[in-house]
Amino acid sequence: MRTQVAIIGSGPSGLLLGQLLTNAGIDNVILDRVGKDYILGRVRAGVLEEGTVGLLQEAGADARMHAEGLSHDGFSLAFDGRDHRIDLFALTGKRVMVYGQTELTRDLMERREKTNGVTIYDARNVEPHDFGGELPFVTYEKDGLSHRIDCDFIAGCDGYHGISRKSVPEKSIATYERIYPFGWLGILADVSPVSHELVYANHPRGFALCSMRSTSRSRYYIQCPLDEKIEDWSDDRFYEELRRRLPDVHAEALVTGPSFEKSIAPLRSFVAEPMRFGSLFLVGDAAHIVPPTGAKGLNLAASDVHYLFEGLRDHYLDHSNSALAAYSGRALKRVWKSVRFSWSMTMLMHRFPEGGEFGQKIQEAELDYLTHSTAAAASLAENYVGLPY
Ligand code: RFL
Ligand code: PHB
């Protein structure tokens, strides 16, 4: 088989890139090691920046998001028994869209099917080859047979554990990492949210986040030690712990009900540089991971896709390679700003086992600063709604 762009990974970055390319008449094939239902079973991001919303529109996969997504003008920072609202719209003129990654992925998959895009699911041992040379290709196995796809470019959209980044010789790649000493225990339940906007809580017992997927489906998280076992967390125990970490106004509004998803996610910051190796491009989580506190992971994947799509479009339609040559530099500039923001939100809102009283006092000072300075609140808001592309 031959295609112009072979895309490894059918998560949000692979699907979004594939759809933009298809719409521009650029041939592409997506390969994923797992099946559609498995991908749709992953519960992850919930907050989309305006830039991400715009890209979904450009892809033609925005109808359901606009009908069912919740547009939010602000969110709350809860601490010291109080609730302080960050008015995103007043501070930046921008909003965010609350719409689950699962739904966004489903919309992109449906759009791909409608436009006859090729996706090969359950492809085993996918491997990119010869991306340092003139004739790159990808091999994989399916149903016991070996296959080869010749291509011009390979997009590594295969997440943190994917094969693309691992295929790059170690001496050609630099990585930067920070592991945080706790995780997030999250649940999904069909109960109405404690508030119509998100609540990020800093509490002596640890961080908590009240998010949602709709006006009747809540997504709640609490900070937990890394060695915590999911079996030890009944729904009742989870809600009780969440309630204790919220100010009264939200604790009293907490509606409980059976969860249908419960998982623990570790928190890390990670960046690989550069994001281009010959004809192989790393995109999204394959190149970088941020802790979820700033809601940036999926949005960064989308901005990478924007830069790469511009490069590929200019290459094929305008015979210009300058945007492609600029991909890694442009993407990394924005990546590092989001890495910084996600790190600072994480430092501000969590209890650090080794932080001590000094760390505690710094958090209190910063929260006080954010509540009393419009400039500080505007900086937080500008980053939260998403920096320009
Ligand atoms: P994905 O979604 O991991 O998709 C990668 C795909 O590649 C496939 N794959 C392979 N295919 C072939 N061969 C291989 N060897 C392969 N290895 C892997 C996988 O099967 C998969 O289908 O990466 P992508 O597309 O770059 O998307 C990134 C986002 O998923 C991620 O950044 C976000 O989910 C992060 N995130 C959040 N981001 C936000 O912008 N806002 C949020 O509110 C937000 N909340 C979150 C989050 C992530 C979380 N977890 C669990 C990590 C909340 C949580 C709890
Ligand atoms: C979510 O709804 O899953 C979510 C929202 C905001 C975050 C992280 C996760 O910062």
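Residues numbered from 1 in each chain as written. Chains lettered and ligands numbered in written order. Predicted model: local features only at pLDDT ≥ 70, side-chain atom pairs only at ≥ 80, totals over all residues. Heavy atoms only, no water.

Under an unreviewed UniProt entry, the name given to the chain is 4-hydroxybenzoate 3-monooxygenase, and the source organism is Endobacterium cereale.

A. Up close: the nonpolar core. Counting 71 residues, the largest nonpolar core has Leu16, Leu17, Leu48 and Leu308 as its most contacted members. Sorting elements by how many residues they give to this core places helix H9 (residues 297-317) first, with 9 residues. If near-sequence neighbours (up to four positions away) are discounted, leucine 48 is found in contact with Val53, Leu56, Met65, Val96, Met97, Tyr99, Leu104, Leu298 and Asn299. The next biggest cluster of nonpolar side chains, apart from the first, holds 32 residues, and it includes Phe75, Phe182, Phe207 and Met212. (Core = buried A, V, L, I, M, F, W, Y, C linked by side-chain atoms within 4.5 Å. Buried < 20%, exposed > 50% of the residue type's maximum accessible area, 1.4 Å probe, protein only. Helix = DSSP H or I, 4+ residues; strand = E, 2+ residues; numbered from the N terminus. Contact = heavy atoms within 4.5 Å.)

B. Here's a closer look at the site of ligand 2. Within the structure, ligand 2 sits among 14 residues, and Tyr200, Ser211, Arg213, Tyr221 and Pro292 are positioned closest to it. Within the side chain of arginine 213, a nitrogen or oxygen atom sits 2.7 Å from an oxygen atom of ligand 2. With respect to ligand 2, the backbone of threonine 293 contributes an N or O atom lying 3.3 Å from an oxygen atom. Contact with the protein chains hides 97% of the accessible area of ligand 2, taken as 270 Å² for the molecule alone. The set of elements that each furnish at least two residues to the shell around ligand 2 consists of strand S15 (208-214) and strand S16 (217-224). Per-element accounting of the shell around ligand 2 gives the leading share, 3 residues, to S15. Of the residues in the shell around ligand 2, the class split is 8 nonpolar, 3 polar and 3 charged. (Near = heavy atom within 4 Å. Polar contact = N/O pair within 3.5 Å; in protein donor to acceptor, adjacent residues only side chain to side chain. Areas by Shrake-Rupley, 256 points an atom, 1.4 Å probe, with all protein chains shown as cover. Nonpolar A, V, L, I, M, F, W, Y, C, P; charged D, E, K, R; others polar.)

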